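Notes for the structure review
So you can see what is in the structure, the chains are spelled out below.
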Amino acid sequence: MALQQIYRTSLSLLTDLYQITMAYGYWKQGMAEREAVFHLYFRKNPFEGGYTVAAGLEHAVEYLQALKFTEDDLAYLGSLKGAQGQPLFEQEFLEYLRQMEFSCDVDAVPEGTVVFPNEPLVRVRGPLLQAQLIETPLLTIINFETLIATKAARIKEAAKGDTVIEFGMRRAQGIDGALAAARAAYVGGADATSNLLAGKLYDIPVKGTHAHSWVQAFDTEEEAFKAYGEAFPKDSVFLVDTYNTVEGVKKAIAVARELQPQGFILGGIRLDSGDLTYLSIEARKLLDEAGFTGTSIVASNDLDEHLITHLKQEGAKINVWGVGTKMITAYDQPALGGVYKLAALKNGEWEYKIKLSEQLAKTSNPGALQVRRYYNQERYLADMIYNELEPLPAQPQIVDPVDVTRRKTMDKDALHKELLVPVFQQGQLVYTLPTLKSIKATTAHELSQLHESIRRYVNPHSYPAGLESNLHHYKLNLIMHLKGTGSEA
Ligand SMILES: Nc1ncnc2c1ncn2[C@@H]1O[C@H](COP(=O)(O)OP(=O)(O)OP(=O)(O)O)[C@@H](O)[C@H]1O
Ligand SMILES: O=P(O)(O)OC[C@H]1O[C@H](OP(=O)(O)OP(=O)(O)O)[C@H](O)[C@@H]1O
Ligand SMILES: O=C(O)c1cccnc1
């Protein structure tokens, strides 16, 4: 219950006011218990990339498990006044909220899974009032963590097997921005964090070096290195760029030699400014010549996947990457833009719902959706978004979302997996939350199943993911019906 521990016992008011006003309205209309289906999905991969890494489910589960209005919450809601000073909500409604127990079915894509636009990451089916109420917090949690996990995956990919340490806490968007992002970065690919509380809460390995102030606090750089080396004879990484980087490396080597008889091991040096390619090459030469071939070269300073790729292409001799601001804030795209849309409502029979949009691609999808991922021994082949409430044809076609005349015919039973798995059934948790380490392993495996051309940064290929053709046609007809333009031929 990490989030609750940090903040407070109830997060039930962590939602937009309009969720509660709609809840009140549904309750008054007698619609509160009508069965509804909502989907949480995004429309575009972040960072102009070719994939997205799902994250945040564990926090979403924690939130849903604790969804209960406390006396304090209800007193606050009871104190809210409308424009004429009248109470906003009737006492009887507050009583309904007091008795409310979460009873939805929730299906979701496990954390670490690679996902693509328009695929539901979470599907909620249950009483309309409840399923609506949880829109905002689900989006808050899943949007942010998925965004950061994706950024971290890109950065880890650029590092090509080198260690990546998340150094971003000081630049994060507030406290939870630091904690949730540290976890998401680990899910995506970071190997460790400098954030101690995240390390404790989530069991993420913690790592670090020292700051420039440590060096400044001593009369000379040598004294600073020596003092740090005496404190940490087996775990020292010296920051060498406070005054002159090349001289700093030479001093680090001299101190390491001096302390060697006492069993000192120089774990690494860190570069935090200047030309990281040139300086790392020079540092590597000096270290190797002095016999410190196992000493790591850590680099930090505004790094991201593009700069890391560039430095590697230039031949930089860096093997540990400290990445802060650009990873923890998803600097080049600060929000994922995931949405939560009503897709079906029961009125005796299921009625399918869509939200119209100017563009077909932005119009939401009706039904109770599942994603079937076809794959072979080597890689993932294609994803089919289909309506679980309707039968699947034996040879379903996947419709290309960009060019609807392009179709891919699949054998329904060809090797596949369903991405959404049961998480809550009638409000009861039925999902065993994987450990963070196994989620991280899932991410690495998932990424390995994507063709390189989908993982590249510049103009990545788009992975084939589209609607099953019956669903596609149903959607087109519904759009034409709602627009009053008849139906598809
Ligand atoms: N070889 C390189 N090619 C491209 N960019 C580099 C290279 N080496 C370093 N950089 C990047 O150039 C930017 C400027 O670095 P520089 O150290 O000159 O300035 P700075 O960040 O203001 O330094 P300081 O931390 O001392 O204030 C940083 O984002 C750094 O990561
Ligand atoms: O650059 P980031 O990816 O965010 O990584 C974290 C940065 O935080 C620290 O320094 P800080 O930025 O506090 O000071 P500095 O810029 O003067 O080194 C560290 O030395 C890194 O440079
Ligand atoms: O341990 C480090 O070197 C570190 C930690 C946070 C931010 N920058 C660097």
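Residues numbered from 1 in each chain as written. Chains lettered and ligands numbered in written order. Predicted model: local features only at pLDDT ≥ 70, side-chain atom pairs only at ≥ 80, totals over all residues.

**Considerations on the UniProt feature "domain: Nicotinate phosphoribosyltransferase N-terminal" (unreviewed entry) in the protein**
The line we're drawing: UniProt positions are given in the numbering used here, feature names are shortened, and annotations may be inferred rather than shown by experiment. To qualify as a helix, a DSSP run of H or I must reach at least 4 residues; to qualify as a strand, a run of E must reach at least 2; elements of each kind are numbered from the N terminus.
As annotated by UniProt and renumbered to match this structure, "domain: Nicotinate phosphoribosyltransferase N-terminal" (unreviewed entry) occupies residues 13-143. Structurally, residues 13-143 is divided into 42% helix and 16% strand, and its ends, taken at the C-alpha atoms, are 19 Å apart.

**Looking at the sheet that holds strand 17 (residues 407-409)**
Rules: One requirement defines pairing of two strands: DSSP has to find at least two bridges between them. Working convention: axes come from line fits to C-alpha atoms, limited for helices to the stretch in contact. Angles between N-to-C directions cover 0 to 180 degrees.
Read across the open sheet, the six strands follow the order 17-16-21-15-14-18; overall the sheet is mixed. Strand pairing shows two members of the sheet lacking a second neighbour, strand 17 and strand 18 (416-418), which therefore form its edges. Between one strand axis and the next, the sheet turns through 30° on average, direction left out of account.

**Examining the sheet that holds strand 19 (residues 421-425)**
Taken together, seven strands build an open sheet; the order of strands is 13-12-1-5-3-19-20 and the sheet is antiparallel. The open sheet has two edge strands, strand 13 (349-352) and strand 20 (428-429), and neither has a second partner. Bridge count for strand 1 (residues 35-41) against strand 12 (residues 339-347) is six bridges, and the pairing is antiparallel. When the bridges of strand 12 are listed, Phe 38 appears paired with Leu 342.

**Focus: the nonpolar core**
Put simply, the rule is: The nonpolar core criterion groups buried Ala, Val, Leu, Ile, Met, Phe, Trp, Tyr and Cys residues into a set whenever they are joined through C-beta atoms within 7 Å. With C-beta atoms placed from the backbone, a residue is buried if 20 or more other C-beta atoms are within 10 Å of its own, exposed if 12 or fewer are, and partly exposed between those counts. For every domain, the bounds stem from an assignment made automatically or drawn from a database. Contact between two residues is assigned whenever their backbone-derived C-beta positions fall within 7 Å.
Ranked by size, the top nonpolar core spans 132 residues in total, and within it Ala 185 and Ala 252 carry the most contacts. For this core, the element with the highest residue contribution is helix 7 (residues 135-159), accounting for 13 residues. Here this core spans two domains, since at least three of its residues come from each of domain 1 (1-31 + 68-101) and domain 2 (152-328). Excluding residues that lie within four positions of it along the chain, Ala 252 makes contacts with Phe 225, Phe 238, Val 240, Leu 266 and Ile 269.

**Considerations on the site of ligand 3**
Just so we agree on the cut-off: Only the C-beta atom matters for nearness: placed from the backbone, it must lie within 6 Å of the molecule or strand for the residue to count as near. The nonpolar class holds Ala, Val, Leu, Ile, Met, Phe, Trp, Tyr, Cys and Pro. Asp, Glu, Lys and Arg form the charged class, and all remaining residues, Gly among them, are polar.
As a matter of local geometry, ligand 3 sits amid Phe 167, Ser 194, Gly 208, Thr 209, Ser 300, Gly 322 and Gly 324. Within the shell around ligand 3, the residues separate by chemical class into one nonpolar, six polar and no charged.

**Looking at the environment of Val 423**
You can see Val 423 is positioned in strand 19. Val 423 sits in the buried class, given 23 other C-beta atoms within 10 Å. Expressed as a C-alpha distance, the spacing of Val 423 and Pro 110, which sit 313 residues apart in the sequence, is 9.3 Å.

**Regarding the site of ligand 1**
In the vicinity of ligand 1, 13 residues are found, and the nearest of them are Ser 273, Leu 276, Thr 277, Asn 301 and Asp 302. Elements that contribute at least two residues to the shell around ligand 1 include exactly helix 13 (276-289) and helix 14 (305-313). Sorting elements by how many residues they give to the shell around ligand 1 places helix 14 first, with three residues. Among the residues making up the shell around ligand 1, the classes are represented as four nonpolar, five polar and four charged.

**Some words on the domain arrangement of the protein**
For an interface, size is often stated in terms of accessible area lost upon the parts coming together. Domain boundaries assigned for the protein yield domain 1 (1-31 + 68-101) and domain 2 (152-328). Taking the mean C-alpha position of each, domain 1 and domain 2 sit 47 Å from one another.

**Side note on the environment of Gly 248**
In this fold, Gly 248 is placed in helix 12 (residues 245-259). Here Gly 248 is in contact with Glu 221, Val 240, Asp 241, Thr 242 and Tyr 243, once residues within four sequence places are set aside.

**What about the pairing of strand 6 (residues 163-166)?**
To keep it simple, the criterion reads: Clockwise travel from the first strand over the helix to the second, with the strands pointing away from the viewer, marks a crossover as right-handed.
Pairing analysis gives four bridges linking strand 6 to strand 11 (residues 320-323), with the strands arranged parallel. Paired with Ile 165 across the bridge in strand 11 is Gly 322. As defined by bridge partners, strand 6 adjoins strand 7 (residues 192-193) across two bridges and the pair is classed as parallel. Bridge assignment links Glu 166 to a residue of strand 7, and that residue is Thr 193. Where the polypeptide runs from strand 6 across helix 8 (residues 174-188) and back to strand 7, its parallel neighbour, the crossover connection is right-handed.

**Description of the environment of Ala 198**
Take Ala 198: it is sitting in helix 9 (residues 196-202). Separated by 162 residues in sequence, Ala 198 and Ala 36 have C-alpha atoms that sit 36 Å apart.

**Considering helix 7**
Here is the rule we go by: Multiplying 1.5 Å by the residue count of a helix minus one yields the expected span of that helix.
Relative to the 36 Å expected for 25 residues at 1.5 Å per residue, helix 7 spans 36 Å between its end C-alpha atoms, a close match to the ideal helical length. For helix 7, a buried count of 24 out of 25 residues is recorded, marking the element as mostly surrounded by other parts of the structure. Backbone geometry just downstream of helix 7 places Lys 160 in the positive-phi region, at approximately 45°.

**Some points on the pairing of strand 11**
Alternating residues of strand 11 divide into Val 320 and Gly 322 and Trp 321 and Val 323, and every residue in both groups is buried. Across two bridges, the pairing between strand 10 (residues 296-299) and strand 11 is parallel. Note that in strand 11 the partner of Ala 299 across the bridge is Trp 321. Viewed along the sheet, the connection from strand 10 through helix 14 into strand 11 turns out right-handed.

**A short note on the packing of helix 4 (residues 71-79) against helix 5 (residues 91-99)**
Under the convention used in this document: Note on angle classes: values under 35 degrees are labelled roughly parallel, values over 145 roughly antiparallel, values of 65 to 115 roughly perpendicular, and the remainder oblique. In this scheme the crossing of two helices becomes right-handed for a clockwise turn of the near helix relative to the far one and left-handed for an anticlockwise turn of less than a right angle.
Contact geometry for helix 4 and helix 5: axes closest at 10 Å, N-to-C directions at 160°. Classified by the angle between their axes, helix 4 and helix 5 sit roughly antiparallel to one another. Seen from above, helix 4 lies across helix 5 with right-handed handedness. Where helix 4 approaches helix 5, its residues Leu 74, Leu 77 and Gly 78 are matched on the opposing element by Leu 94, Leu 97 and Arg 98. For the contact of helix 4 with helix 5, a count of residues per class yields four nonpolar, one polar and one charged.

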